[in-house]
Amino acid sequence: DPKIGATGRGIFIHKGRDKMVDPEVVAKIAEIRQAKGHKARQVTDEEIVERLFFPLINEGFRILEEGFAQRSSDVDIVYIFGY
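Calculation criteria
Residues numbered from 1 in each chain as written. Predicted model: local features only at pLDDT ≥ 70, side-chain atom pairs only at ≥ 80, totals over all residues. Heavy atoms only, no water. Salt bridge = Lys/Arg side-chain N within 4 Å of Asp/Glu carboxyl O. Helix = DSSP H or I, 4+ residues; strand = E, 2+ residues; numbered from the N terminus. Buried < 20%, exposed > 50% of the residue type's maximum accessible area, 1.4 Å probe, protein only. 1 Å grid on protein atoms, 1.4 Å probe; cavity = no way out; pocket = protein on both sides within 12 Å on 5 of 7 lines; lining within 4 Å. Points joined across faces, edges and corners; volume = space filled by probe spheres on them. Expected span 1.5 Å × (residues − 1). Bend = angle between axes of the 7 residues up to and from the residue. Contact = heavy atoms within 4.5 Å. Polar contact = N/O pair within 3.5 Å; in protein donor to acceptor, adjacent residues only side chain to side chain. Phe/Tyr/Trp six-rings, centres within 6.5 Å; stacked < 30°, edge-to-face > 60°. Lys NZ or Arg CZ within 6 Å of the ring centre and 35° of its normal. Patch = residues over 30% accessible without salt bridge, like charges linked within 9 Å, V, L, I, M, F, W, Y side chains within 5 Å. Areas by Shrake-Rupley, 256 points an atom, 1.4 Å probe, with all protein chains shown as cover.

(A) Broad picture of the pattern of salt bridges. A full pass over the atoms with the stated rule returns five salt bridges. Note that K28 is salt-bridged to E31, the shortest N-O span being 3.3 Å. One end of the pair is K28 and the other is E31, both in helix α1 (residues 23–36) and three residues apart, which spans about a single turn. Residue classification places E31 among the partly exposed positions, given a relative accessible area of 45%. The salt bridge partner of E47 is R51, with a shortest N-O separation of 3.0 Å. Taken together, the residues E47 and R51, both in helix α2 (residues 45–65) and four residues apart, mark about one turn of the helix. Among the charged side chains, a network of salt bridges with common partners joins R41, E47 and R51.

Listed below in structure tokens is the structure:
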């Protein structure tokens with residue numbers, strides 16, 4: 001899309017139904033990581049789940065505290081079905 005400067009490239013190179021990670025992307029990630037002084041590390045499935053769900057839980061508590069929802073089940077319904 002010329003309006004946003006999209007190039008059509010992403011993290012994967014697609015060849016038919018196959019895809020592989022673009023080595024240029026891997027190199028760029030390594031370059032940025034080194035420039036910022038970050039080391040790569042393993043991330044457990046549990047950490048991924050915690051990082052995804054804890055913010056939702058915390059936001060649900062804030063919604064209840066601020067009175068935007070009357071019951072915790074109201075928050076659950078929004079998370080399940082949307083607004």
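(B) Looking closely at the layout of surface pockets. In this structure, the largest pocket encloses a volume near 160 Å³. As for the largest pocket, its lining consists of F53, L56, I57, G60, F61, L64, S72, V75, D76 and Y79. Secondary structure elements with two or more residues in the lining of the largest pocket: α2 and α3 (72–81). Per-element accounting of the lining of the largest pocket gives the leading share, six residues, to α2.

(C) Spotlight on α2. Here α2 is 21 residues long and its end C-alpha atoms lie 30 Å apart, about the 30 Å a rise of 1.5 Å per residue gives. The largest bend along α2 measures about 25 degrees and falls at F53, with the proline P55 one to four residues further on. In the stretch just after α2, G67 is the one whose phi turns positive, near 80 degrees.

(D) Quick peek at the environment of D22. If you trace the backbone, D22 turns up in the loop between β2 (18–21) and α1. Taking relative accessible area as the criterion, D22 reaches 3% and is therefore assigned buried. C-alpha separation for the pair D22 and R9, spaced 13 residues apart in sequence, amounts to 9.1 Å. Contact partners of D22, with chain neighbours within four places excluded, come to R9, G10, I11, F12 and I13. Side-chain polar atoms of D22 contact the backbone nitrogen of E24, separated by 2.9 Å.

(E) Fine view of the packing of aromatic side chains. A complete count under the given rule lists zero aromatic pairs for this structure. Of note, K19 hangs over the ring of F12, and the distance from its end group to the ring centre comes to 4.4 Å.

(F) Examining a nonpolar patch on the surface more closely. On the surface, a nonpolar cluster with roughly 940 Å² of combined accessible area is contributed by V43, I48, V49, L52, F53, F54, L56, I57, F61 and Y79. The greatest single-element share of the nonpolar patch, amounting to eight residues, is contributed by α2. As for its position among the elements, F53 is in helix α2.

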